[in-house]
Amino acid sequence: DGNSVIPYITNWNMQEIVSGEYKLKISVVNKNKELLASSETYFIRSNPKYDSENIEQMSAYTYLDTINRKSIMYAAKATAVTAPSVDVPILNYLIANENIKGIRAYLYKHWADQSPTDPYSEFKKYMQLAQRIDDRFNSGFRNGFETDRGRVMLEYGKPNEVVGREQDLTSVPYEIWTYNQIEETGQTNVKFVFYNPSLVTNDLELIHSTAYGEIKN
């Protein structure tokens with residue numbers, strides 16, 4: 001019967017599919033290879049455990065081998081702040097398990113991607129900035145670059161203008177940062193609004209921004 005529908009169900013083992021963004025496309029063709037129907041969908045696969053096992057196998061006999069365990073963990077946390085979103089699960093997995101070999105391999109690949117000609121200089125410059133931001137915004141509970149202000153400065157650079165209130169009886173402490181232009185997007189007159197509702201630490205929370213992809217309130 002040409003009108004009957006015969007369902008076909010199958011399984012696809014994704015255990016060894018690396019993390020990333022994928023497109024699944026299914027097409028129906030006749031015996032003459034003529035397209036009868038087609039459908040596709042996008043999905044994101046997160047598989048940090050498998051990723052970490054594979055990245056461990058990478059050889060990383062580089063400048064990173066001279067960095068001690070504590071500093072490598074610190075560098076991994078700093079790099080995670082601005083790493084591509086697809087890489088964050090694997091990097092967090094490596095950090096949580098203190099997989100130093102895997103972290104070295106990831107950092108080597110990441111900074112080689114950022115600067116193929118001189119990854120060490122790019123890594124060193126980034127870590128010097130991360131250290132300065134850590135010193136400035138360290139809350140006592142987490143590294144300064146892991147705070148909202150630290151993350152924003154690490155990602156977008158130093159703001160062109162900062163307006164703030166620390167001792168204002170009519171409001172909680174807050175800061176408004178203004179960037180004349182965001183280099184990566186070309187967006188102009190970008191603002192970030194931080195505040196501290198707890199008054200316990202100096203860790204201000206980002207509550208609003210006009211930047212693309214940031215929280216809006």
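As a reminder, the structure under discussion sits directly above these lines.
Calculation rules
- Residues numbered from 1 in each chain as written.
- Predicted model: local features only at pLDDT ≥ 70, side-chain atom pairs only at ≥ 80, totals over all residues.
- Heavy atoms only, no water.
- Helix = DSSP H or I, 4+ residues; strand = E, 2+ residues; numbered from the N terminus.
- Buried < 20%, exposed > 50% of the residue type's maximum accessible area, 1.4 Å probe, protein only.
- Contact = heavy atoms within 4.5 Å.
- Axes fitted to C-alpha atoms, helices over the stretch in contact; angles between N-to-C directions.
- Parallel < 35°, antiparallel > 145°, perpendicular 65-115°, else oblique.
- Nonpolar A, V, L, I, M, F, W, Y, C, P; charged D, E, K, R; others polar.
- Core = buried A, V, L, I, M, F, W, Y, C linked by side-chain atoms within 4.5 Å.
- Polar contact = N/O pair within 3.5 Å; in protein donor to acceptor, adjacent residues only side chain to side chain.

Regarding the side chain of His110
Along the chain, His110 turns up in helix H4 (residues 100-114). Relative accessible area serves as the criterion here: at 7%, His110 is assigned to the buried category. Beyond its immediate chain neighbours, meaning those up to four positions away, His110 contacts Thr79, Ala83 and Pro84.

A closer look at the environment of Thr185
Positionally, Thr185 belongs in the loop between strand E4 (174-181) and strand E5 (188-195). Sequence-wise, Thr185 and Tyr212 are 27 residues apart; in three dimensions their C-alpha atoms are separated by 8.2 Å.

A short note on the packing of H4 against helix H5 (residues 119-137)
For the pair H4 and H5, the least separation of the axes is 8 Å and the interaxial angle reads 100°. By the angle class used here, H4 and H5 are roughly perpendicular. Across from Trp111, Ala112 and Gln114 in H4, the residues of H5 making contact are Pro119, Glu122, Phe123 and Tyr126. Here the contact of H4 with H5 is composed, by residue class, of 5 nonpolar, 1 polar and 1 charged.

Considerations on the nonpolar core
Of all hydrophobic cores here, the largest spans 40 residues; its most connected members are Ile103, Leu107, Phe123, Phe145, Trp177 and Phe192. Mapped onto this core, the elements with two or more residues apiece are helix H2 (69-82), helix H3 (88-96), H4, H5, helix H6 (148-156), E4 and E5. In terms of residue count, H2 provides more of this core than any other element does, 8 residues in total. Those residues within four positions of Leu107 in sequence are excluded, and the remaining contacts are Leu64, Ile72, Ala75, Ala76 and Thr79.

Quick word on H2
What sets the pattern is the α-helix's 3.6 residues per turn: residues three or four places apart point alike. Within the sequence span of H2, burial applies to Ile72, Met73, Tyr74, Ala75, Ala76, Ala78, Thr79, Ala80 and Val81. Against H3, H4, H5 and H6 lie the buried residues of H2. Backbone nitrogen of Lys70 and a side-chain oxygen of the N-cap are separated by 3.3 Å at the start of H2; the cap is Asn68.

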